[in-house]
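Chain by chain, the residues:
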Amino acid sequence: MKRRTFFATALVAASLGFTVQAQAATKWDLASAYPAFNFHSQNLATFAKDVDAATHGDLKITVHSGASLFKMPEIKRAVQGNQVQAGEFFMVSFQNEWQPFGLDGLPFLASTYDEAWKLYQAQKSALQKKLDQQGMVLLYAVAWPPQSIYSNKPINSGADLKGLKWRVYSPTTARIGELVGAQPVTIQEAELSQALATGVIEGLITSSATGADNKLYEHMKYFTNVRAWIPKNAVVANKKAVEALSPASRNALMKAAAAAETRGWEASRKVDTDSIAKLKAGGMEIVEPSDQLKADLAKVGDTVIQEWTAKAGDEGKQILDAYRASR
């Protein structure tokens, strides 16, 4: 009898132990606005798998892509308020909130991946500090391919942009539209194809990846490869959610994030090449910018950078100085 009682007690204890262990797993939701096939979303999916493996299942992250959990403009606020534990946001869209969020959207400040990486390093400590003040932790940031012009007519000079219904997604793209005499229209990526199909917009500046993902070759004829800037997505987590993790899980999370950042930047380079090929295969004419267009856009870029620097103050100037010193 005693032996049976012992084994019964041991079985119950083992069962309870398993239940406690199972309940100990922490579950996070991560909100993203981009479709599952986008390279940023694929990177997030790999990141989540890496975290699961590295924490031995103690932290499980479910990625909600395609704005299925929150719309793009809502994601950052949702992470700040811990409505969702993690999320991805397009930094330049929040420039009005804090000027350095828009740093990588300044025209022709950084037009190559090497320059964009140096700009990120100059910006990173200030970015981490700002996000910390807002109750968030920067996990990693990944660049989009360079931004170029899509249109249905040749764009050989700044004057050719005048009067175009111009899609904007940030304060900088809106200001560029104003400076060239276009008609700015705010359109999020999820609404892009419909806006083009219905004539709401006639031209835009965005990445080769966004163009390929949204099959812009079905609506636009020309891709003018001006490579104006290289913006980034930031992947962030709620600070309290991170602090609630065990030290081991926290370390595993940040290690997986560092790997995701490296992988994401490498993927972006490849995606740019592949996406331009897809645009060409879809019938879009790939055009290198004329000297006149480059000169006109450079003047616009100088104006935008001067205006940004005035608004960003000493903090912005320090970041710009650090970046320029690194080049």
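Our structure's up above, just so we're on the same page.
Predicted model only: the values in this text are computed from it and were never measured.

S.K.: How should I be thinking about the pattern of salt bridges in this particular structure?
M.R.: Pairs may arise between side chains of opposite charge once their charged atoms sit close together. Tallied over the full model, the rule gives 14 salt bridges. The residue Arg263 makes a salt bridge to Asp50 at a minimum N-O spacing of 3.5 Å. Note that Arg263 is positioned in helix α9 (residues 247–281) and Asp50 in helix α2 (residues 39–54), a separation of 213 residues in sequence. Its relative accessible area of 26% is what places Arg263 among the partly exposed residues. We note a salt bridge from Glu115 to Arg327, for which the minimum N-O separation is 3.1 Å. One end of the pair, Glu115, is in helix α4 (residues 113–133); the other, Arg327, is in the segment after α10 (291–326), with 212 residues separating them in the sequence. Here the salt bridges do not stand alone but share partners, grouping Arg175, Glu178 and Glu307 into one network.

S.K.: Honestly, the sheet that holds strand β3 (residues 86–90) in this entry has me stumped. Any pointers?
M.R.: Each strand in a sheet pairs with its neighbour through backbone hydrogen bonds, running either in the same direction (parallel) or in the opposite one (antiparallel). Sheet architecture is open: five strands sit in the order β2-β1-β3-β10-β4, paired in mixed fashion. Every other strand in the sheet has two partners, leaving β2 (59–64) and β4 (136–143) as the edge strands with one partner each. Adjacent strand axes in the sheet meet at a mean angle of 20° when their direction is disregarded. Sheet topology places β3 next to strand β10 (residues 232–238); five bridges connect them, and they run antiparallel. When the bridges of β10 are listed, Ala86 appears paired with Ala237. Strands in contact with α9 are β1 (26–31), β2, β4 and β10; relative to β4, the strand with the most contacts, it is inclined by about 20°.

S.K.: I keep staring at the sheet that holds strand β8 (residues 203–207) and nothing clicks. Help me out?
M.R.: Strand order in the open sheet formed by six strands is β7-β6-β8-β5-β9-β11, with mixed pairing between adjacent strands. On the outer flanks of this sheet lie β7 (183–186) and β11 (285–287), each paired with one strand and no other. Recorded for the sheet is a direction-independent mean angle of 30° between the axes of neighbouring strands. Two strands pair when backbone bridges link them, and strand β6 (residues 165–168) and β8 are joined in this way by two bridges, in the parallel orientation. Considered in β8, the bridge of Arg167 is made with Leu204.

S.K.: I keep staring at unusual backbone geometry and nothing clicks. Help me out?
M.R.: Most peptide bonds are trans, and most residues other than glycine sit at a negative phi. Residues other than glycine seldom take positive phi values, yet His56 does so here, at roughly 55°. Position of His56 among the secondary structure elements: in the loop between α2 and β2. Residue His56 is classed as exposed on the basis of its relative accessible area, which comes to 72%.

What counts, and at which threshold
Residues numbered from 1 in each chain as written. Predicted model: local features only at pLDDT ≥ 70, side-chain atom pairs only at ≥ 80, totals over all residues. Heavy atoms only, no water. Salt bridge = Lys/Arg side-chain N within 4 Å of Asp/Glu carboxyl O. Helix = DSSP H or I, 4+ residues; strand = E, 2+ residues; numbered from the N terminus. Buried < 20%, exposed > 50% of the residue type's maximum accessible area, 1.4 Å probe, protein only. Pairing = 2+ DSSP bridges. Axes fitted to C-alpha atoms, helices over the stretch in contact; angles between N-to-C directions. Contact = heavy atoms within 4.5 Å.

Treat this as a map of the structure, not an account of what it does.
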